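Overview (structure and organization)
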Amino acid sequence: MQRAYLDNAATTPVRNEVIKVMVNALKYSFGNPSSTQHSYGRAARSIIEESRIRIAKNIKSSPYEIIFTSGGTEANNIILRSAVIDLKVQYILTSPLEHHSVLQTVLDLCCKYKVFVEFVKVKDRGVIDLNHLEILLKKNHSKKILVSLMYANNEIGNLLEIDKVGTLCKENNAYFHSDTIQIIGNFPINMNQLPFDFATASAHKFYGPKGIGFIFIREKLIKKIKSLITGGNQEYGIRSGTENVYGIIGLSEALHLSYCNFMNHIEKIKNLKSYCISELKKIIPNIIFNGLSDSFDQSIPTILNFFYPKKDHLLYFHLDLMGIAISKGSSCSSRSLKKVSHVIQSISNKYLLKNMTPIRISFGIFNEKKDIDLLIEAFNKIKNIEKKNFLLKKGKK
């Protein structure tokens, strides 16, 4: 059976080149990078620091601004918790559309440290209300503030107007953290020109291994952040624990390969998304796209989110049986078949939530036009089955 993997926003396949460098590191670079008294440890340390330099070069930052973590969730946790504990942030502004690693963490901080958390309003189609953000910033300008808003939404693909947010943060002396996990490694990024104080990345979103990611921390803030994990002084004292050497070199290689051919990859994915939209419109004439995912200017090309015009909790499994891998949204919140994600709930009306099924398609560099054709063919089969079932029920009546 032919299969099509269209859930790249959840995770991506690992490139063969990445596997090769990781296997080589596992075989020959097994030393503890903190054991610099001998050549085995120094070789491992060299891999880490060379990878850090390589990553920094790709995202246009200083190597000292890169801190390795186990992935995006830990990275977001470190930033939010450290902002409160070390930077003495009293007030956090975020949105209801953020990843759970942000939402659950800020609520925990609210309970444990009496930090005040407020949510920026969301306008139609999941657009962050920057006028409301400005009002909240000015209202609390006397406090230490952290703004945490994701660059590209992982479910609906909406792009944040980061320059405007950065300007508002600067004018009100607020720190700016952005979950950039769907961006870094998939699109060109220049940290020297971006307004972030903190940003996060995860290797498995750009064809690298799982269990490794990094935080970008603006150099002026590095010395102010202390490790939340005690028992070591790794990663400039910000993230204690023996480093994941083979994961780090895998991350570095994946990021480097992405940056070698970015424009071709982006153009290919845009064409796939455009083709998918046009084909979906043919079989679902009144299709409703969620957020701004059908816009090429206001969303990332890798994500397309829409409502299928029937409520069917098993639709994802029916598609899987036909060889199609898609999702209903964030993989971190999809364990319940019947529960619609918090993002879709926030931007949709009750009628849509009750009568339709949300679907997220996410494209990657290994996808081809034939994958979209398989998807459309599967939807056509499902529609024909639904039609037959409807006629059978009507005949019985």
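Refer to the structure above for everything that follows.
Summary of the structure given here. Because the structure is predicted, anything quoted here is derived from the model rather than measured. (Residues numbered from 1 in each chain as written. Predicted model: local features only at pLDDT ≥ 70, side-chain atom pairs only at ≥ 80, totals over all residues. Heavy atoms only, no water.)

Some remarks on the overall build of the protein chain
Each helix and strand counted, the protein chain has 13 helices and twelve strands in total. Computed over its C-alpha atoms, the radius of gyration of the protein chain comes to 22 Å, within 12% of the 21 Å expected for a compact globule of 397 residues. With the principal axes as the frame, the protein chain shows a C-alpha extent of 80 × 55 × 35 Å. Each of the 397 residues in the protein chain was classed as buried or not, and the buried ones make up 57%. For the protein chain, restricting intrachain contacts to residue pairs at least 6 apart in sequence, the fraction spanning at least 24 positions comes to 73%. Accessible surface, the protein chain as shown: approximately 18,600 Å² in total, 54% of it carbon and sulfur. In the protein chain, the 55 positive side-chain charges and the 34 negative ones have mean positions that sit 6 Å from each other. (Helix = DSSP H or I, 4+ residues; strand = E, 2+ residues; numbered from the N terminus. Rg over C-alpha atoms; globule rule 2.2 N^0.38 Å. Buried < 20%, exposed > 50% of the residue type's maximum accessible area, 1.4 Å probe, protein only. Contact = heavy atoms within 4.5 Å. Areas by Shrake-Rupley, 256 points an atom, 1.4 Å probe, with all protein chains shown as cover. Lys, Arg positive; Asp, Glu negative; His and termini not counted. Charge placed at Lys NZ, Arg CZ, Asp CG, Glu CD.)

Section: the sheet that holds strand β10 (residues 303–308)
As summarised here, the arrangement of the three strands in space is β9-β10-β12, forming an open sheet in which the pairing is antiparallel. If you trace the sheet from one side to the other, it starts and ends with β9 (288–289) and β12 (357–362), each paired once. Taken together, the six bridges between β10 and β12 define a ladder with antiparallel strand orientation. In the sheet register, Tyr 308 faces β12, and the bridge partner there is Thr 357. Along the sheet, helix α9 (residues 262–283) contacts β9, β10 and β12; its crossing angle with β10, the most-contacted strand, is approximately 10°. (Pairing = 2+ DSSP bridges. Axes fitted to C-alpha atoms, helices over the stretch in contact; angles between N-to-C directions.)

Considering helix α3 (residues 72–85)
Given a rise of 1.5 Å per residue, 14 residues ought to cover 20 Å, and the 20 Å separating the end C-alpha atoms of α3 matches this to within 8%. For α3, the tally of buried residues reaches eleven of 14 residues, placing the bulk of the element in the interior. (Expected span 1.5 Å × (residues − 1).)

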